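Report on the structure
Residues per chain, in single letters:
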Amino acid sequence: QVQLVESGGGLVQPGESLRLSCAASGSILSIDSTGWYRQTPGKQRELVAAITSGGNTNYADAVKGRFTISRDNAKKLVYLEMNSLKPEDTAVYYCNADIRTAPTFTKYSYWGQGTQVTVSS
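Presented here is an overview of the structure given in this document. On a predicted model such as this, the values are computed, not experimentally measured, just so you know. (Residues numbered from 1 in each chain as written. Predicted model: local features only at pLDDT ≥ 70, side-chain atom pairs only at ≥ 80, totals over all residues. Heavy atoms only, no water.)

**Notes on the pattern of salt bridges**
Definition in use: In what follows, salt bridge is the name for a side-chain nitrogen of Lys or Arg lying within 4 Å of a carboxyl oxygen of Asp or Glu. Only runs of H or I of at least four residues qualify as helices and only runs of E of at least two qualify as strands under DSSP, and these elements are numbered from the N terminus.
All told, the structure shown has 6 salt bridges when counted by the stated rule. One salt bridge in this structure joins Lys-107 and Asp-32, with 3.7 Å as the shortest N-O distance. With Lys-107 in strand E10 (residues 106–111) and Asp-32 in strand E4 (residues 28–39), the pair connects residues that are 75 residues apart, well separated along the chain. Salt bridges linked by common partners bring Arg-38, Glu-46, Arg-66 and Asp-89 together as one network.

Below you can see the structure in the form of structure tokens.
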């Protein structure tokens, strides 16, 4: 069984920073693309940032220049560094990863449980 567990959310003031972490565990053979998504009540979940196993990144226009996604393949960790946070960044942030698992090497998409980020003065 594979699990993704996010941490690092919280309440911050506008302009401050947070770093989210996502730890993968279980019968993992390899982790392909990983990403961070966010969702607010009544809206669809949206992609914030993604990173491939080779390190290529992709960002939503709303966070370019403020957020940075990175990963530690050896430790099976994915990070989202969020700077200059704005009230509109308030959302539940979810980690997603495409993971190949033992013993079949089949690839599945997994989600974490989400972590709340609130930006408010």
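Next comes the rest of the account.
**As for the state of the cysteines**
Under the convention used in this document: Here, a disulfide means two cysteine sulfur atoms that sit within 2.5 Å of each other.
This model, assessed by the stated rule, comprises 1 disulfide. Covalently, Cys-22 is tied to Cys-95 through a disulfide, its sulfur atoms 2.1 Å apart. Sign of the S-S torsion, about -80° for the bond between Cys-22 and Cys-95, identifies this disulfide as left-handed. Of the two residues, Cys-22 is situated in strand E3 (residues 18–25) and Cys-95 in strand E9 (residues 91–101); the sequence distance between them amounts to 73 residues.

**A word on the packing of aromatic side chains**
Heads up, the condition is: Pairing of aromatic rings covers Phe, Tyr and Trp, the last through its six-membered ring, and needs centres within 6.5 Å; plane angles under 30 degrees mean stacked, over 60 mean edge-to-face, and all others mean tilted. Three exposure classes are used, based on accessible area relative to the maximum for each residue type with a 1.4 Å probe and protein chains only: buried under 20%, partly exposed in between, and exposed over 50%. We call a charge positioned over a ring when the NZ of a Lys or the CZ of an Arg lies within 6 Å of the ring centre and within 35 degrees of the ring normal.
All chains considered together, the criterion is met by 2 aromatic pairs. An angle of 65° between the planes, with centres 4.9 Å apart, marks the rings of Tyr-37 and Trp-111 as edge-to-face. Pair noted here: Tyr-37 is in strand E4 and Trp-111 is in strand E10, with a separation of 74 residues, a long-range link. Judged by its relative accessible area of 38%, Trp-111 is partly exposed. Measuring from ring centre to ring centre gives 6.3 Å for Tyr-108 and Tyr-110, while their planes differ by 70°; the resulting arrangement is edge-to-face. Using a relative accessible area of 44% as the deciding quantity, one classes Tyr-108 as partly exposed. In this structure, Arg-45 packs its charged tip against the face of Trp-111, placed 4.7 Å from the ring centre.

Any functional reading would require information beyond the geometric quantities listed.
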